[in-house]
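Chain by chain, the residues:
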Amino acid sequence: MEKVSKGDIVKVEYVGSYPEDGEVFDASEGRGPLEFEVGAGQMIKGFDKAVLGMKLDEEKDVTIPPEEAYGKAEDAQKIEVPVDRIAGVGQEIKVGTPIATTTGQVGRVTAIKNGVATLEFVHPMAGKTLNFWIKVVEIQKK
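**Section: the overall build of the protein chain**
Helix and strand content of the protein chain: 1 helix and 9 strands. Dimensions of the protein chain, computed from the C-alpha atoms along their principal axes, are close to 60 × 35 × 25 Å. Scored against the burial criterion, the 142 residues of the protein chain give a buried share of 32%. Counting contacts in the protein chain only where the partners sit at least 6 residues apart, residues at least 24 apart contribute 65% of the total. Measuring between centres, the 18 positive side-chain charges of the protein chain sit 5 Å from its 24 negative side-chain charges.

What follows is the structure, given as structure tokens:
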């Protein structure tokens, strides 16, 4: 029986939960299977790795540490933006000011120097260990 390898297009059913309390944060139920190319960087690293070697209709439970998921909380993405380019805040830009991007990411101003603000973005799930139940429902070999 064929196994999932890098480059394959797979469809999976899944349930993502937090190991501490079992709270479900995401699931494919009601939306249909999730389709992605294995190893293409479309998924968090741990999920991508978990499906490698799985067979059609195989199910698996995996625990993914923060380093293989959304990173550690201290691994924030930092960008520098001229203060006068930060639009729509309607308030004075200072250290601690929350900033939302057009894609809905929320960050904070962590420094301002010479009219340039350093913005820090931390994924809301950064620092969290995640559990996933995964079932491979389709494998398309490349």
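Text resumes after the structure shown.
**Regarding unusual backbone geometry**
Peptide bonds are trans in most cases, and residues, glycine excluded, mostly fall at negative phi. Positive phi values are uncommon outside glycine, yet Asp57 reaches one of about 70°. For Asp57, the location among the structural elements is in the loop between α1 (45-51) and β4 (59-64). The class of Asp57 is partly exposed, set by a relative accessible area of 49%. Here Asn114, not a glycine, exhibits a phi torsion of approximately 55°, which is positive.

**Focus on the pattern of salt bridges**
Summed over all chains, the structure comprises 7 salt bridges. Residues Lys11 and Glu35 are paired through a salt bridge, measuring 3.8 Å at the closest nitrogen-oxygen approach. Here the residue Lys11 occupies a position in strand β1 (residues 9-17), and Glu35 occupies one in strand β3 (residues 34-37), the gap between them amounting to 24 residues. When salt bridges that share partners are traced, they join Lys11, Glu35 and Glu138 into one network.

**Observations concerning the nonpolar core**
Val4, Val12, Phe47, Val51, Phe132 and Ile134 are the most contacted members of the largest nonpolar core, which has 21 residues in total. Elements supplying a minimum of two residues to this core: β1, α1, β4 and β9 (130-140). Among the elements that make up this core, the one with the highest residue count is β9 (5 residues). Excluding anything up to four places from it in sequence, Val4 contacts Val10, Val38, Val51, Leu52, Gly53, Met54, Val136, Ile139 and Lys141. Of all hydrophobic cores here, the second largest spans 8 residues; its members include Val81, Ile86, Ala117 and Leu119.

About the thresholds
Residues numbered from 1 in each chain as written. Predicted model: local features only at pLDDT ≥ 70, side-chain atom pairs only at ≥ 80, totals over all residues. Heavy atoms only, no water. Helix = DSSP H or I, 4+ residues; strand = E, 2+ residues; numbered from the N terminus. Buried < 20%, exposed > 50% of the residue type's maximum accessible area, 1.4 Å probe, protein only. Contact = heavy atoms within 4.5 Å. Lys, Arg positive; Asp, Glu negative; His and termini not counted. Charge placed at Lys NZ, Arg CZ, Asp CG, Glu CD. Salt bridge = Lys/Arg side-chain N within 4 Å of Asp/Glu carboxyl O. Core = buried A, V, L, I, M, F, W, Y, C linked by side-chain atoms within 4.5 Å.

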